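Descriptive structure summary
The chain contents come next:
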Amino acid sequence: MNDLDTLVESARTQFAAASAPHDLENAKAQFIGKSGRLTELMKGMAQLSPEEKRTRGAAINQAKQAIEAALNERRQTLQDAELEAHLKAEALDVTLPGRQRGRGGLHPVTLTMERIEGIFGSMGFDVTDGPEIETDWFSFTSLNNPPNHPARSMQDTFYIDGNGADGLPLNLRPHTSPMQVRYAHAHVRRYGKGFDPRSGRLYDGPMPDIRVIVPGRTYRVDSDATHSPMFHQCEGLWLGENVSFSDLKTIFTGFCRTFFENGDLVLRFRPSFFPFTEPSAEIDIQFPSGPLAGRWLEVAGSGQVHPNVVRHMGLDPERYIGFAFGMGPDRLTMLRYGVNDLRLFFDGDIRFLSQFE
Ligand code: PHE
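Because the structure is predicted, anything quoted here is derived from the model rather than measured. (Residues numbered from 1 in each chain as written. Predicted model: local features only at pLDDT ≥ 70, side-chain atom pairs only at ≥ 80, totals over all residues. Heavy atoms only, no water.)

**Topic: the pattern of salt bridges**
Selection rule: The salt bridge definition used is simple: a Lys or Arg side-chain nitrogen within 4 Å of an Asp or Glu carboxyl oxygen. Put simply, DSSP H or I for four residues or longer makes a helix, DSSP E for two residues or longer makes a strand, and each gets a number counted from the N terminus. Buried means the residue's accessible area, taken with a 1.4 Å probe over protein chains only, is under 20% of the maximum for its type, while exposed means over 50%, and partly exposed covers the values in between.
For the structure on display, the rule yields 15 salt bridges. Taking the shortest distance from any N to any O, the salt bridge between Glu-132 and Arg-217 comes out at 3.4 Å. On the criterion of sequence distance, the pair formed by Glu-132 in the loop between β1 (126–127) and β2 (133–134) and Arg-217 in strand β7 (residues 210–219) is long-range, its members being 85 residues apart. Across the salt bridge formed by Arg-336 and Glu-261, the nearest N and O atoms sit 3.2 Å from each other. Of this pair, Arg-336 sits in helix α10 (residues 329–337) while Glu-261 sits in the loop between α8 (245–259) and β9 (266–274), and the two are 75 residues apart along the sequence. For Arg-336, a relative accessible area of 30% corresponds to the partly exposed category. On the basis of relative accessibility, which here comes to 61%, the residue Glu-261 falls in the exposed class. What you see here is one network of salt bridges that share partners, running through Arg-268, Arg-270, Asp-284 and Glu-298.

This is how it looks when you write it as structure tokens:
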């Protein structure tokens, strides 16, 4: 093996030993850089004869080419390895499970509201809502409450600063019943019939059926395991030329049996009193079996709309008659899911709420 072969061999060995591009470039300089070993060999040709120069020059050139080839090959290998490492580091495992967002769910009382709306909707009832800040007139007077009725007292009803159009303090509505009168006004006016508030005269034209439910938030000064200062009600009103108390029984019985998916559910209409209905009844239900069997559970107040209320709707009570009810969706939710403390619904504890998804 001559000196050039040895040189090429040693270049290959050193290149192979370089494990990073930086090392490789350093190794290269030892052989083909300005002060590299090949350059030195070239300088050493000065004393040779022209004939010797040619053969020696050709041999040195060959060696140089061999070294450059080895260098390029090693460069490529290092580049490939670097790319490979890079790709590996950035690799995506497409089989990993995705990052998930927690799926929200509806509040149990919202589920009940939707259920109520669906059932009454299927029976031809409109669904609407109304203001939670009410005037004294809509909350009490229009509903036939005498001026000093205890429901108006600060022990029962929340008041806020400011007076309504009637000049009396505004309240947080203690029930959804004000919407009976509001809805009748809006509905009757929409058809251009009914009450002219300025002349105070009744317009006695034909009126479309008023058939509506009003789910929403209500407020009372009350707080224990079965009462919350904010709670829900759902008002119902059906008014027409021939709507009777027996329609109330049919409608409400059908509703309860559908709501609880129990065709054997028993209802009881227990005589009661509300200023805005006459006669009035509390509605109790009883499950024929299961954990609540045998107990009467109160779910709503109801009655035939009082003639004074019909008058405040702008309608002639000699002609229009019907029923109203007000039920407690919170109570219905407790009964449906077996929850015994109303406050759980409003604490906002996800561990409780997520059970209803
Ligand atoms: N508004 C009554 C209450 O809050 C319920 C009710 C509504 C009773 C409609 C009769 C008719 O207790």
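**Focus on the packing of aromatic side chains**
The relation between two aromatic rings is expressed through the spacing of the ring centres and the mutual angle of the planes. As a reminder of what qualifies: Aromatic rings from Phe, Tyr and Trp, taking only the six-membered ring of Trp, are treated as a pair when their centres fall within 6.5 Å; an angle between ring planes under 30 degrees marks them as stacked, one over 60 as edge-to-face, and anything in between as tilted. For a lysine, the NZ atom is tested; for an arginine, the CZ atom; a charge sits over a ring if that atom is within 6 Å of the ring centre and within 35 degrees of the ring normal.
A full pass over the atoms with the stated rule returns 19 aromatic pairs. Ring centres of Phe-323 and Phe-325 lie 6.4 Å apart, and the angle between their planes is 20 degrees; this geometry places the pair in the stacked category. Aromatic side chains Phe-345 and Phe-346 sit 6.3 Å apart centroid to centroid with 70 degrees between the ring planes, which places their arrangement in the edge-to-face category. According to the relative accessible area criterion, Phe-345 is buried, its value standing at 2%. Take Phe-346: its relative accessible area is 28%, and that puts it in the partly exposed class. One aromatic cluster is present, formed by Phe-120, Phe-125, Trp-238, Phe-252, Phe-255, Phe-259, Phe-260, Phe-287, Phe-323 and Phe-325 through successive ring pairs. The ring of Phe-138 has Arg-182 sitting right over it, with the charged end atom 3.9 Å from the ring centre. Its guanidinium or amino end placed over the ring of Phe-259, Arg-336 lies 5.8 Å from that ring's centre, counting from NZ or CZ.

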